Amino acid sequence: MIHTSTNTILPLIADVGSYHPNTINMVKNAAARDYWLNVFDNHTHTHHQRILDTLDDATDAQQRADAFSEHFNNILAELRADHTAHGPISIIKLCQLRRQCLLDQNVLDPYKSIKDDENATALKLLPDLLTEIDALPQPDRWLTLIQNCFAGNIFDLGCEATINLYNSGEIDFHKTRQQLQPRPWAVDNFDNFHSKITQPNPYNKAVLFVDNAGADIVLGMIPLTRELLRLNTQIILTANTHPALNDITHTELIDLVNHIATLDPIFADALDSQQLTLIPSGNDLPVIDMTQISPELADAAQNADLLIIEGMGRALETNFDTRFTCDTLKIAMIKEQDVADLLNAQLYNVACRFDPA
Ligand code: MG
């Protein structure tokens, strides 16, 4: 199997020896295994369609899309018969197996055109959103910044519920924000985060793991980053090295941030002064194993005193219980029933977990 990630550990993990990037333990729980095998099974037809759309001009597009589906469906059937057929089963493992089936058909980034379109759409809303944020006093400003991340995070083409919303054109950033779960959220440590972030010079260096393209990054994580830049915090924005679903990649993030710097002096100054740096995470999945990050990120993350992990896959499915050596904020919208059950929550509830160092 070609798995591109390395074997480098994020230096901020509190107890590396016991680190296990599987909040949802599918190995011990047959019901959870069934649930997640069904999630991946139901998602195969979406990938099939994405492959057809992406390989538009290729004469063998149908053949390659069919080969992907057949190969991955066979793997899922093997796993239903014996969940150890490919080693210990986990969400990470299922993502790796699916990615390999795509690579076998030489399909590298089937969501590319959707990501580009969604970035362009979200960028049109960004100037007004920044004006709105800048006019807000505290504590409303940080609250709105976090709510923006929740609302943007609904653009997720890894979940059946949000795929259906996307396909029916029903995803609207402002409407989603208006209709967000009222506080207290399913996990709600916002007040603790807020009291820390509003102290003078709260953080020297922050590492931010971003999730999806479109509204998620442009209207969620970018404004949050901007507010942290205002606090003179050194910021490392880290995105996937390789494509995974509709997650923004490092290369795409460079283009996006360079573009935003032409519109916003805070970003322009931060890039010039290297207060803001972009570093590829080494990851190639919509979830993340913090022991498989890039050596560059591990080096750069030394001495960070704030870690922000955004998005359901990274923050909830794989790292919800992970303890780090620095203050950690995990923020996501909940879009799978199994994740909702884990948090005693409902679908589309939101989670804001803040763990002080
Ligand atoms: Mg994602």
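Residues numbered from 1 in each chain as written. Predicted model: local features only at pLDDT ≥ 70, side-chain atom pairs only at ≥ 80, totals over all residues. Heavy atoms only, no water.

Student: It is not clear to me how the coordination of the magnesium ion should be interpreted in this structure. Could you clarify?
Tutor: Distances from the magnesium ion to its protein donors, Asp 211 (OD), Asn 212 (OD1) and Asp 247 (OD), fall at 2.1 to 2.2 Å. All donors to the magnesium ion come from one chain, and their sequence spacing reads D-N-x34-D. Of the two residues, Asn 212 sits in the loop between strand S2 (205–209) and helix H9 (215–230) while Asp 247 sits in the loop between strand S3 (234–238) and helix H10 (250–263), which places them 35 residues apart along the sequence. Under the relative-accessibility criterion, Asn 212 is labelled buried at 1%. We classify Asp 247 as buried; its relative accessible area is 2%. (Donors = N, O, S within 2.8 Å, 3.2 Å for Na, K, Ca; no water. Helix = DSSP H or I, 4+ residues; strand = E, 2+ residues; numbered from the N terminus. Buried < 20%, exposed > 50% of the residue type's maximum accessible area, 1.4 Å probe, protein only.)

Student: Which parts of the structure should I look at to understand the domain arrangement of the protein?
Tutor: One widely used convention gives an interface's size as the accessible area the parts lose upon coming together. Along its sequence, the protein is organised into domain 1 (24–104) and domain 2 (112–355). Computed from C-alpha atoms alone, the centre-to-centre distance between domain 1 and domain 2 is 27 Å. Domain 1 puts 17 residues into the contact, and the matching count from domain 2 is 22 residues. Ranking the residues of domain 1 by area buried against domain 2 places Ile 24, Ile 92 and Arg 99 at the top, with a combined share of 35%. At the junction of domain 1 and domain 2, the tally comes to one salt bridge. The closest approach of N and O atoms between Arg 99 and Asp 284, which form a salt bridge, is 3.0 Å. Across the domain 1-domain 2 interface, the total number found is eight residue pairs in polar contact (both at pLDDT 80 or more). The element best represented in the side of domain 1 that touches domain 2 is helix H1 (residues 30–54), accounting for ten residues. Here the side of domain 1 that touches domain 2 is built from residues that sort into eight nonpolar, six polar and three charged. (Domains from an automatic or database assignment. Contact = heavy atoms within 4.5 Å. Buried area = accessible area lost by both parts, 1.4 Å probe. Salt bridge = Lys/Arg side-chain N within 4 Å of Asp/Glu carboxyl O. Polar contact = N/O pair within 3.5 Å; in protein donor to acceptor, adjacent residues only side chain to side chain. Nonpolar A, V, L, I, M, F, W, Y, C, P; charged D, E, K, R; others polar.)

Student: What is the right way to read the packing of H1 against helix H2 (residues 61–81) from this model?
Tutor: Helix-helix packing is characterised by the crossing angle of the two axes and by the distance between the axes. Between H1 and H2, the shortest axis-to-axis distance is 9 Å and the interhelical angle comes to 175°. Here H2 runs roughly antiparallel to H1, going by the angle between their axes. Two secondary-structure elements touch here, H1 through Asp 34, Leu 37, Asn 38, Phe 40, Asp 41, Thr 44, His 47, His 48, Ile 51 and Leu 52 and H2 through Ala 61, Gln 62, Ala 65, Asp 66, Phe 68, Ser 69, Phe 72, Asn 73, Leu 76, Leu 79 and Arg 80. Each residue belonging to the contact of H1 with H2 can be placed in one class, and the counts come to ten nonpolar, seven polar and four charged. (Axes fitted to C-alpha atoms, helices over the stretch in contact; angles between N-to-C directions. Parallel < 35°, antiparallel > 145°, perpendicular 65-115°, else oblique.)

Student: What's the story with the environment of Gln 234 in this structure? I'm lost.
Tutor: Position of Gln 234 among the secondary structure elements: in strand S3. When the C-alpha positions of Gln 234 and Gln 274 are compared, they lie 8.2 Å apart, and in sequence the two are 40 residues distant. Residues in contact with Gln 234, not counting those within four places in the same chain, are Asn 204, Lys 205, Ala 206, Gln 274 and Gln 275.

Student: Help me out: how do you make sense of the packing of helix H4 (residues 112–134) against helix H5 (residues 140–152) in this one?
Tutor: Viewed as axis vectors pointing N to C, H4 and H5 meet at an angle of 150°, and their least axial separation amounts to 9 Å. The pairing of H4 with H5 is recorded here as roughly antiparallel in orientation. Together, Leu 129, Glu 132, Ile 133 and Asp 134 of H4 and Arg 141, Thr 144, Leu 145 and Asn 148 of H5 make up the contact between the two elements.

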